Amino acid sequence: MEREFMQYFGIKLKQLRHARDLTQQQVADYVGVTRATIGAYETGAQYPSVESLIKLTVLLHTSADYLLGITDEQQRFDISRLTDEQASVILQLIDQFHFLNSQMKR
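Residues numbered from 1 in each chain as written. Predicted model: local features only at pLDDT ≥ 70, side-chain atom pairs only at ≥ 80, totals over all residues. Heavy atoms only, no water.

*Asks:* Tell me what's going on with unusual backbone geometry, and back it up with residues and numbers.
*Replies:* The phi torsion at Asp21 lies on the positive side, around 55 degrees, for a residue other than glycine. Locating Asp21 in the fold gives a position in the loop between helix H1 (2–19) and helix H2 (24–31). A positive phi angle, near 55 degrees, is found at His61, a position not held by glycine. Note that His61 resides in the loop between helix H4 (50–60) and helix H5 (64–68). (Helix = DSSP H or I, 4+ residues; strand = E, 2+ residues; numbered from the N terminus.)

*Asks:* Break down helix H6 (residues 84–104) for me, with residues and values.
*Replies:* Over its 21 residues, H6 extends 30 Å from the first C-alpha to the last, a length consistent with the 30 Å expected when each residue adds 1.5 Å. Tucked inside the fold, the buried residues of H6 contact H4. (Expected span 1.5 Å × (residues − 1). Contact = heavy atoms within 4.5 Å.)

*Asks:* Tell me about the nonpolar core, and please be specific about residues and values.
*Replies:* Ranked by internal contacts, the top residues of the largest apolar core, which has 15 residues, are Phe9, Leu13, Val27, Tyr41, Leu56 and Leu67. Of all the secondary structure elements, the ones that give two or more residues to this core are H1, H2, helix H3 (35–43), H4 and H5. In terms of residue count, H4 provides more of this core than any other element does, four residues in total. Each residue touching Leu56, except ones within four places of it in the same chain, is listed here: Phe9, Leu13, Val27, Val31, Tyr41, Pro48 and Leu67. (Core = buried A, V, L, I, M, F, W, Y, C linked by side-chain atoms within 4.5 Å. Buried < 20%, exposed > 50% of the residue type's maximum accessible area, 1.4 Å probe, protein only.)

*Asks:* Give a description of the packing of H2 against H3 that names residues and reports values.
*Replies:* Relative to each other, H2 and H3 sit at 105 degrees, their axes nearing to 8 Å. On the basis of their axis angle, the class for H2 and H3 is roughly perpendicular. For the pair H2 and H3, the contacting residues are Gln24, Gln25, Val27 and Ala28 in the first and Arg35, Ile38, Gly39 and Glu42 in the second. The residue makeup of the contact of H2 with H3, split by class, is three nonpolar, three polar and two charged. (Axes fitted to C-alpha atoms, helices over the stretch in contact; angles between N-to-C directions. Parallel < 35°, antiparallel > 145°, perpendicular 65-115°, else oblique. Nonpolar A, V, L, I, M, F, W, Y, C, P; charged D, E, K, R; others polar.)

*Asks:* Provide a residue-level description of a nonpolar patch on the surface, including the pertinent values.
*Replies:* On the surface, a nonpolar cluster with roughly 600 Å² of combined accessible area is contributed by Leu82, Val89, Ile90, Leu93, Phe97, Phe99 and Leu100. Among the secondary structure elements, Phe97 is positioned in helix H6. (Patch = residues over 30% accessible without salt bridge, like charges linked within 9 Å, V, L, I, M, F, W, Y side chains within 5 Å. Areas by Shrake-Rupley, 256 points an atom, 1.4 Å probe, with all protein chains shown as cover. Salt bridge = Lys/Arg side-chain N within 4 Å of Asp/Glu carboxyl O.)

*Asks:* Describe the packing of H2 against H4, with residues and values.
*Replies:* At a minimum axis separation of 9 Å, H2 and H4 run at an interaxial angle of 120 degrees. If you check the angle between H2 and H4, you find them oblique. For the pair H2 and H4, the sense of crossing is right-handed. Each of Val27, Tyr30 and Val31 in H2 lies in contact with H4, whose residues at this interface are Ser52, Lys55, Leu56, Val58 and Leu59. Of the residues in the contact of H2 with H4, the class split is six nonpolar, one polar and one charged. (Left-handed = near helix turned anticlockwise from the far one by under 90°.)

*Asks:* Tell me about the pattern of salt bridges, and name the residues and values.
*Replies:* Per the stated rule, a full pass over the model turns up two salt bridges. In this structure, Glu42 and Arg17 form a salt bridge, with 2.5 Å as the shortest nitrogen-oxygen distance. Here Glu42 is found in helix H3, whereas its partner Arg17 is found in helix H1, with 25 residues between them in sequence. Per residue, the accessibility class of Glu42 equals that of Arg17, and both read buried. The salt bridge partner of Lys55 is Glu51, with a shortest N-O separation of 3.4 Å. In this pair, Lys55 and Glu51 are both assigned in helix H4, four residues apart and thus about one turn of the helix distant. Relative accessible area serves as the criterion here: at 54%, Glu51 is assigned to the exposed category.

Below, the structure written as structure tokens:
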């Protein structure tokens, strides 16, 4: 099952990277990892750290939930003009709201 999640993550990452016309090297430079590491993410051989995942969500204008296959809904607002720190706070708030909403439905 974990392997399926890793493959799903890799597929979504590659699709978003291509949609934004970014190379693996450009993504790697932004995240602070090697190009080979991005390739490993895309093939499902490796998962990113939480820090790298946050950077990926900021760069690709999406949510961690979408990349991880928790939801099929992509983020619908543009956070590109925010700093990494500001974008991280926004994404954390959104995740918290999603969590609270799921708790209220139970």
